[in-house]
Amino acid sequence: MSGADSTACDCIVIGAGSGGFAAAMRAAQMGGRVTLIEENFYGGNCMNQACIPSKVLLTAARSMASISKAGRFGIQVGEATVDLEALHERKDLIVEGLRMGTEQLLVDRGIHLVEGRARLIARDAVEVNGVRIRGRCIVLATGSVAAQPAIDGIELPGVMGTEEGVELREIPERLAILGSQSWDIELAQYFGTMGSEVTLIASGRQVLPEADREVSQRLGKLLHGSGIAISRGVGVEAIRQGDKGGLAIVLAEGEGEIAVDRVLAARRLPNSSGLGLRGLGIKMKHGAVLVDEQMQTNVTSVYAIGDVAAQADGSASSMWSHQANAEGVVAAENAMGKASAMDYGAVPRCLYTWPEVAWVGLTEEQAEAQGIDVEIGKIPTAINPYAMILDETDG
């Protein structure tokens, strides 16, 4: 082994995103000596490049929508305009403040922070910046990395991922978004409200595939009603330069083309490369680290949580930051000697669209597939007094 030994600890956490933060804090709360290693920014992808920044943009878009109907409340205003530079400055300020606050919370808890990329060199040791750190247990919380979908033309100028979409300082006239996951829908609403002609292209028949079918149908109808076009059940064969400038989305099976100025194509893969996992015999599938309900790998001293992890049956992570947070608590408790198991049935799902969408537990379809008798109660938001007051009765 190379490098000098550092002080040993009870728990080494690799990655300071939502899951890693929770794991480190919980292990420290239980009296453990914790070392947290992060190669980029505290708070991870969610805080710095995805969840938090996109919510700032969505909030601005929602404010624009509210201004547009101010006359219904007797308030007369002129046409609203947006200063994108000012909006992004606010976004960056919020992210920076949260990042600094996260780091301070970790320091206040007595967690040893190390900056750099770690590599496992033993069941109980990692190497980072040429220094060897030993720990009784190791929690992998390295998250996911952006990847380009396997589509011809994906490398063309004007095609971007989620991070680039969040940082875009312009509103494209025509935008295609390939996908119908939560982040796709939220960005579709932001750009659509700000003036883009948005098309969502979903390979499946259902917008937001994880959701209850009726909820998905209702959301799709509301998105369509707001001016967002949705192409369901169709794949993308290629992206090419348009005949009159811009880009052309070539749909599979001869379904035609869609002319746009920008394309957002988001795909993420587990961030497991270069960690030295295969050398230790840690089981993986499609780059994800396989774990049980205790978040433990087949190497008993090593745990994995969040986007980098997958259940033993190979089912991939849903890539929700609050799920990673819950997994981090479970991993830390097991690592510190307290028996704990992950209950995915209690993990909520939520979108910060408008109207917001949230659910917890089984969907109607999942319950029926398990032979459970289902009773459904519905209360239309159209007759909810506060919804009527807000003039937000869709839902």
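The coordinates are above.
Throughout what follows, the structure given in this document is the object of discussion. (Residues numbered from 1 in each chain as written. Predicted model: local features only at pLDDT ≥ 70, side-chain atom pairs only at ≥ 80, totals over all residues. Heavy atoms only, no water.)

### Let's talk about the pattern of salt bridges
So, point 1. Scanning the model with the defined rule gives 25 salt bridges in all.
So, point 2. Two residues, R268 and E163, come together in a salt bridge whose shortest N-O distance is 2.7 Å. With R268 in strand β17 (residues 268–270) and E163 in helix α5 (residues 162–167), this pair connects stretches of sequence that are 105 residues apart.
So, point 3. By relative accessible area, which is 15% here, E163 ends up buried. (Salt bridge = Lys/Arg side-chain N within 4 Å of Asp/Glu carboxyl O. Helix = DSSP H or I, 4+ residues; strand = E, 2+ residues; numbered from the N terminus. Buried < 20%, exposed > 50% of the residue type's maximum accessible area, 1.4 Å probe, protein only.)

### Describing the packing of helix α3 (residues 51–68) against helix α4 (residues 84–108)
So, point 1. Across the interface, α3 lies against α4 with an axial gap of 9 Å and an inter-helix angle of 140°. With respect to α4, the element α3 is oriented oblique. Along this stretch, α3 crosses α4, giving a crossing that reads as right-handed. In this structure, α3 uses I52, P53, V56, L57 and A60 to contact α4, whose residues at the interface are L87, H88, K91, I94, V95 and L98. (Axes fitted to C-alpha atoms, helices over the stretch in contact; angles between N-to-C directions. Parallel < 35°, antiparallel > 145°, perpendicular 65-115°, else oblique. Left-handed = near helix turned anticlockwise from the far one by under 90°. Contact = heavy atoms within 4.5 Å.)

### Some remarks on α3
So, point 1. Between its first and last C-alpha atoms α3 spans 26 Å; for 18 residues at 1.5 Å apiece the expected length is 26 Å, and the two agree.
So, point 2. Within the span of α3, buried status applies to P53, S54, K55, V56, L57, L58, A60, A61 and M64.
So, point 3. Considering only its buried residues, α3 is in contact with α2 (44–49), α4, α5 and α6 (182–193). (Expected span 1.5 Å × (residues − 1).)

### Let's talk about the sheet that holds strand β16 (residues 262–265)
So, point 1. Read across the sheet, 5 strands follow the order β9-β16-β10-β11-β12 without closing on themselves; strand pairing throughout is parallel. What marks the edges here is a single partner per strand, and that holds for β9 (159–160) and β12 (229–231).
So, point 2. Pairing between strand β10 (residues 174–178) and strand β11 (residues 197–201): 5 bridges, direction parallel. Note on β11: the bridge partner recorded for L175 is V198.
So, point 3. Strands β10, β11 and β16 of the sheet are contacted by α6, whose axis makes an angle of about 165° with β11. (Pairing = 2+ DSSP bridges.)

### Things to note about the sheet that holds strand β14 (residues 247–251)
So, point 1. Overall, antiparallel pairing links the 3 strands, which are arranged β13-β14-β15 in an open sheet. Only two strands of the sheet have a single partner each, and these edge strands are β13 (236–241) and β15 (257–260). Each neighbouring strand pair of the sheet contributes to a mean axis angle of 20°, computed without reference to strand direction.
So, point 2. Pairing between β13 and β14: 5 bridges, direction antiparallel. Residue pairing in the sheet places I239 in a bridge with I249 of β14.

### With respect to helix α1 (residues 18–29)
So, point 1. Over its 12 residues, α1 extends 16 Å from the first C-alpha to the last, a length consistent with the 16 Å expected when each residue adds 1.5 Å.
So, point 2. Across the 12 residues of α1, 9 count as buried, placing the element largely inside the fold.
So, point 3. Considered for burial, the residues of α1 that qualify are G19, G20, A22, A23, A24, M25, R26, A27 and A28.
So, point 4. Close packing links the buried residues of α1 with β2 (9–14), β3 (34–38), α4, β7 (131–140) and α8 (321–335).
So, point 5. Just past α1, the residue G31 takes up positive phi, approximately 95°.

### Digging into the pairing of strand β6 (residues 125–128)
So, point 1. In β6, alternate side chains face the same way, and those of A125 and E127 on one face and V126 and V128 on the other are all buried.
So, point 2. Relative to β6, strand β5 (residues 119–122) runs antiparallel, the two being bridged by 3 bridges. From the neighbouring strand, A122 faces β6, where its bridge partner is A125.
So, point 3. Here β5 folds back onto β6, and the loop between the two strands holds 2 residues.
So, point 4. With 4 bridges joining them, β6 and β7 adopt antiparallel strand pairing. For V128, the partnering residue across the bridge sits in β7 and is V131.
So, point 5. Remark: 2 residues form the turn of the hairpin made by β6 and β7, two consecutive strands paired antiparallel; N129 in that turn has positive phi of roughly 55°.

### Some details on the nonpolar core
Across soluble globular proteins, you tend to see nonpolar side chains buried next to one another.
So, point 1. Within the largest apolar cluster, 49 residues are counted, with the highest numbers of intra-cluster contacts made by V13, L120, V126 and L140.
So, point 2. Looking at this core, the elements that each hand over two or more residues are β2, α1, β3, β6, β7, β19 (288–291), β20 (302–304) and α8.
So, point 3. Ignoring sequence-local partners within four residues, the contact set of L140 consists of I14, L120, L277, V289, V302, Y303, A304, I305 and V308. (Core = buried A, V, L, I, M, F, W, Y, C linked by side-chain atoms within 4.5 Å.)

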